[in-house]
Amino acid sequence: MKRVKQYADEVGGHAYNPWKNDPFDFDLGMKRNERWINNMMKEGREIIDIGPDFSRRSLGREPSPFYNMERSQVKGYENYKKVFERDGRLSGGVPGLDR
């Protein structure tokens, strides 16, 4: 989320700010995130995809399940915008943010 918030601040956008979820309940967190994405699409908001955290991938970790859900949820959404570049499965990023 650090990358997401940093990018949103740089472009004057808004990032998802999760409600308190302690102790962490994965299903509740996923449901809240999904609801927020749906609300943003209903409002016609532009959704900007800054890509996976390639530094995470380069360490052998899979992408966040939240990111995977978000990607599938916005598939076909007309106000979706991808701003990251991919050099392969394990490398890429957003110019000016990651590179």
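A. Spatial organisation of the overall build of the protein chain. Along the protein chain, the regular secondary structure elements total 4 helices and 4 strands. Along the protein chain, helices (α) and strands (β) appear in the sequence α-α-β-α-α-β-β-β when read from the amino end. In terms of C-alpha radius of gyration, the protein chain reaches 14 Å, essentially the compact-globule figure of 13 Å for 99 residues. With respect to the three principal axes, the spread of C-alpha positions in the protein chain is 30 × 30 × 25 Å. Taking all 99 residues of the protein chain together, 31% fall into the buried category. In the protein chain, the proportion of contacts linking residues at least 24 apart, taken out of those at least 6 apart, comes to 62%.

B. Summary view of the confidence of the model for the protein chain. On average, residues of the protein chain score 91 in pLDDT, and 99% of them are at 70 or above. Here helix α3 (residues 54-58) is the element of the protein chain with the lowest mean pLDDT, 83, and strand β2 (residues 80-82) is the one with the highest, 97.

C. Inspection of the environment of F84 at higher detail. Residue position: F84 is located in the loop between β2 and β3 (85-86). Every residue in contact with F84, bar those within four places of it in the chain, is listed here: D49, I50, G51, P52, F54, Y67, R71, G93 and V94.

D. Region of the structure containing helix α2 (residues 26-42). Relative to the 24 Å expected for 17 residues at 1.5 Å per residue, α2 spans 24 Å between its end C-alpha atoms, a close match to the ideal helical length. What α2 keeps buried is the set G29, M30, R32, N33, I37, M40 and M41. In this structure, the buried side of α2 is in contact with β1 (47-49) and α4 (65-73). Between the side-chain oxygen at the start of α2 and the backbone nitrogen of D27 there is a gap of 3.1 Å, and the oxygen is on D25.

E. Region of interest: the packing of aromatic side chains. Here the structure, examined in full by the defined rule, presents 3 aromatic pairs. With a centroid separation of 5.4 Å and an interplanar angle of 50 degrees, the aromatic rings of Y16 and W36 are classed as tilted. Placement of the pair is Y16 in the loop between α1 (2-11) and α2 and W36 in helix α2, with a sequence separation of 20 residues. A relative accessible area of 24% places W36 in the partly exposed class. The positively charged end of K82 is found above the aromatic ring belonging to F84, 5.0 Å away from the centroid.

F. Broad picture of α1. Among all positions in α1, only R3, Y7 and A8 are buried. End-on, the buried residues of α1 take up no more than an arc of 130 degrees, which puts them together on one face. Turned more than 90 degrees off the buried face of α1, the exposed positions are K2 and D9. Lining the buried residues of α1 we find β1. At the exit of α1 stands G12, carrying a positive phi of roughly 75 degrees.

About the cut-offs
- Residues numbered from 1 in each chain as written.
- Predicted model: local features only at pLDDT ≥ 70, side-chain atom pairs only at ≥ 80, totals over all residues.
- Heavy atoms only, no water.
- Helix = DSSP H or I, 4+ residues; strand = E, 2+ residues; numbered from the N terminus.
- Rg over C-alpha atoms; globule rule 2.2 N^0.38 Å.
- Buried < 20%, exposed > 50% of the residue type's maximum accessible area, 1.4 Å probe, protein only.
- Contact = heavy atoms within 4.5 Å.
- pLDDT = per-residue confidence, 0-100.
- Expected span 1.5 Å × (residues − 1).
- Polar contact = N/O pair within 3.5 Å; in protein donor to acceptor, adjacent residues only side chain to side chain.
- Phe/Tyr/Trp six-rings, centres within 6.5 Å; stacked < 30°, edge-to-face > 60°.
- Lys NZ or Arg CZ within 6 Å of the ring centre and 35° of its normal.
- Arc of directions from axis to C-beta.

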